[in-house]
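# Descriptive structure summary
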Amino acid sequence: MPDKLSNLSPSAFIHPGDARALEHLKSTRGLDTTVRKFYELGIERLMKVQYTGSCLRLTDRNFPELIFLLEQSAEVLGLSRIPELYVHRSDRLEATTLGSDQPILVLSSECIDKLSPSELAFIIGREIGHILCDHILYRELGVIFPQLMDTLSSVTLGLSGLISASLRYALFHWSRMSEYTADRAGLLACQEEEVAFRVLAKQAGLPERRWETFHMTDLYDQARAFEGRMDKTMEQLSEFLFEHTNWSIARAKELREWVAAGGYLDVIG
């Protein structure tokens, strides 16, 4: 069982790129208005209703091992309020959290079917990291809100005009940086370095038939060699052209560098 990290502060594992991007996002014109409209329209509530009305809630009666993992990860990372746990049908290795006030955590069926308990601890720990760092509202804005603009604009007096190009870019850039923080939280939750990187390899497309034989050194080499610097124009194009990219190799590079620099050991020590 991973060690409980007493008095853990999110500042101990927040990625510096996440902190800078969030500061920039909060200062971007239009964000406050967009947040107000987001709540006025009840979009967060609608999102939660959609998931709770479509996905199966997991309880300790039928899924005691998953509830145990959730409670264990919450204890390790210091999350006092345990979110409800749901599963949705998907062939992607993914999870999401909804609700900035009363979060619910949703795992894909692929995660539950294919990942080991320690790998699930990494996935669950990532979502707990998002909760602890107050990421949920901005994640919902970045992922859901812009996609609804065309639909909503006809009934909300031109709501689409609220999302400027600069705000969309700020949301997208921060969202990418926030995943680096989440990976650190996931590693702290499972406390097994190879497990964390194995999940990233699987998310990057490692075929299931190779899961047991894949040499992790290849992932480390690719991550070390990855050149991930992008200017603003490249990131804007990336947002529109590669909307569902999970950036697993870039994330592996950042997590590997944090471990190599001693950041991970500093926290668990």
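Figured I'd write up the structure that's included with this text. (Residues numbered from 1 in each chain as written. Predicted model: local features only at pLDDT ≥ 70, side-chain atom pairs only at ≥ 80, totals over all residues. Heavy atoms only, no water.)

### Some words on the overall build of the chain
Summing up its helical and strand segments, the chain has 14 helices and 4 strands in all. When each of the 269 residues of the chain is scored for burial, the buried share is 50%. At a minimum sequence separation of 6, the contacts of the chain that also span at least 24 residues come to 73%. Working note: accessible area of the chain is about 14,000 Å², and carbon and sulfur atoms make up 49% of it. (Helix = DSSP H or I, 4+ residues; strand = E, 2+ residues; numbered from the N terminus. Buried < 20%, exposed > 50% of the residue type's maximum accessible area, 1.4 Å probe, protein only. Contact = heavy atoms within 4.5 Å. Areas by Shrake-Rupley, 256 points an atom, 1.4 Å probe, with all protein chains shown as cover.)

### Looking at the sheet that holds strand β4 (residues 104-108)
Spatially, the 4 strands line up as an open sheet ordered β1-β2-β4-β3, and their pairing is mixed. At either margin of the open sheet sits one strand with a lone partner, and together these are β1 (56-58) and β3 (95-98). Taking the axes of each pair of neighbouring strands and ignoring which way they run, one obtains an average angle of 30° across the sheet. Two strands pair when backbone bridges link them, and strand β2 (residues 84-88) and β4 are joined in this way by 5 bridges, in the parallel orientation. The residue bridging Val-87 from the neighbouring strand is Leu-107, located in β4. (Pairing = 2+ DSSP bridges. Axes fitted to C-alpha atoms, helices over the stretch in contact; angles between N-to-C directions.)

### Thoughts on the pattern of salt bridges
All told, the structure shown has 13 salt bridges when counted by the stated rule. The residue Arg-139 makes a salt bridge to Glu-127 at a minimum N-O spacing of 3.2 Å. Of the two residues, Arg-139 sits in helix α7 (residues 136-143) while Glu-127 sits in helix α6 (residues 117-132), which places them 12 residues apart along the sequence. For Glu-127, a relative accessible area of 1% puts it in the buried group. Three or more residues joined by partner-sharing salt bridges are found here, namely Glu-119, Glu-194, Arg-198 and Lys-202. (Salt bridge = Lys/Arg side-chain N within 4 Å of Asp/Glu carboxyl O.)

### Description of the pairing of β4
For β4, the buried fraction is high: 5 of the 5 residues fall into the buried class. Residue alternation in β4 divides its side chains into two sets, Ile-104, Val-106 and Ser-108 and Leu-105 and Leu-107, and both sets are buried. Direction of pairing for β3 relative to β4: antiparallel, over a ladder of 4 bridges. Within β4, the residue paired with Thr-96 across the bridge is Val-106.

### Brief notes about the nonpolar core
Within the largest apolar cluster, 53 residues are counted, with the highest numbers of intra-cluster contacts made by Leu-77, Leu-85, Ile-123, Leu-187, Leu-188, Phe-197 and Trp-258. Apart from residues no more than four positions distant in its own chain, Leu-85 is found in contact with Leu-56, Arg-57, Leu-58, Leu-66, Ile-67, Leu-70, Leu-105 and Leu-107. In terms of nonpolar packing, the next biggest core, distinct from the first, is built from 24 residues, Ile-104, Trp-174, Trp-247 and Ala-250 among them. (Core = buried A, V, L, I, M, F, W, Y, C linked by side-chain atoms within 4.5 Å.)

### Observations concerning the packing of helix α2 (residues 31-40) against α7
Remark: α2 packs on α7, axes separated minimally by 11 Å, with the N-to-C direction vectors making an angle of 90°. As summarised for this structure, α2 and α7 are arranged roughly perpendicular, according to the angle between their axes. Contacts from Leu-31, Thr-34, Val-35, Phe-38 and Tyr-39 in α2 reach Leu-137, Tyr-138, Glu-140 and Leu-141 in α7. Looking at the contact of α2 with α7 residue by residue, the classes come out as 7 nonpolar, 1 polar and 1 charged. (Parallel < 35°, antiparallel > 145°, perpendicular 65-115°, else oblique. Nonpolar A, V, L, I, M, F, W, Y, C, P; charged D, E, K, R; others polar.)

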